[in-house]
Amino acid sequence: MSIIESCTFPPVRPRRTLRTVVRRKFERENLSKFGRVCAELWPDQKIDVILAQRIGCSERAAQFYISGGREPSYEALMVVLDELRPRKRA
């Protein structure tokens, strides 16, 4: 065995990443009722990002609200209701 053969590097492994799944395209049939309403309000946009910005929470919490993993908070409900009702103009 030569020196070159004995001094080889171990095989390269793929870089490890966190196992967080960030879903951007929500399938409407897998959403909760609240998530379906949000998807109809903001069809061309990332609904979890918009909801998180308007509520002031994390995107992960907004994803839980949309998917039905957690009941929507009062702030989340108020954001949707404010979007649904017409605005009064002075």
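Quick notes on the rules
Residues numbered from 1 in each chain as written. Predicted model: local features only at pLDDT ≥ 70, side-chain atom pairs only at ≥ 80, totals over all residues. Heavy atoms only, no water. Salt bridge = Lys/Arg side-chain N within 4 Å of Asp/Glu carboxyl O. Helix = DSSP H or I, 4+ residues; strand = E, 2+ residues; numbered from the N terminus. Buried < 20%, exposed > 50% of the residue type's maximum accessible area, 1.4 Å probe, protein only. Contact = heavy atoms within 4.5 Å.

Observations regarding the pattern of salt bridges
Where side chains of opposite charge bring their charged atoms close, a pairing between them can arise.
Argument step 1. Here the structure, examined in full by the defined rule, presents two salt bridges.
Argument step 2. Its salt-bridge partner being E83, residue R54 comes within 2.7 Å of it at the nearest N-O pair. Taken together, the residues R54 in helix 3 (residues 47–55) and E83 in helix 5 (residues 74–84) connect sequence positions 29 residues apart.
Argument step 3. The salt bridge involving D82 is made with R85; its shortest N-O contact spans 2.8 Å.
Argument step 4. Given a relative accessible area of 30%, D82 falls into the partly exposed group.

Quick word on helix 3
Every α-helix winds through 3.6 residues per turn, so residues three or four apart in the chain are directed the same way.
Argument step 1. Burial of helix 3 is extensive: seven of the nine residues sit out of reach of the surface.
Argument step 2. Listed as buried for helix 3 are I47, D48, V49, I50, L51, A52 and I55.
Argument step 3. Tucked inside the fold, the buried residues of helix 3 contact helix 2 (33–41), helix 4 (59–67) and helix 5.
Argument step 4. Where helix 3 ends, the next residue or the one after it, G56, has phi of about 95 degrees, a positive value.

Geometric values such as these leave the question of function open.
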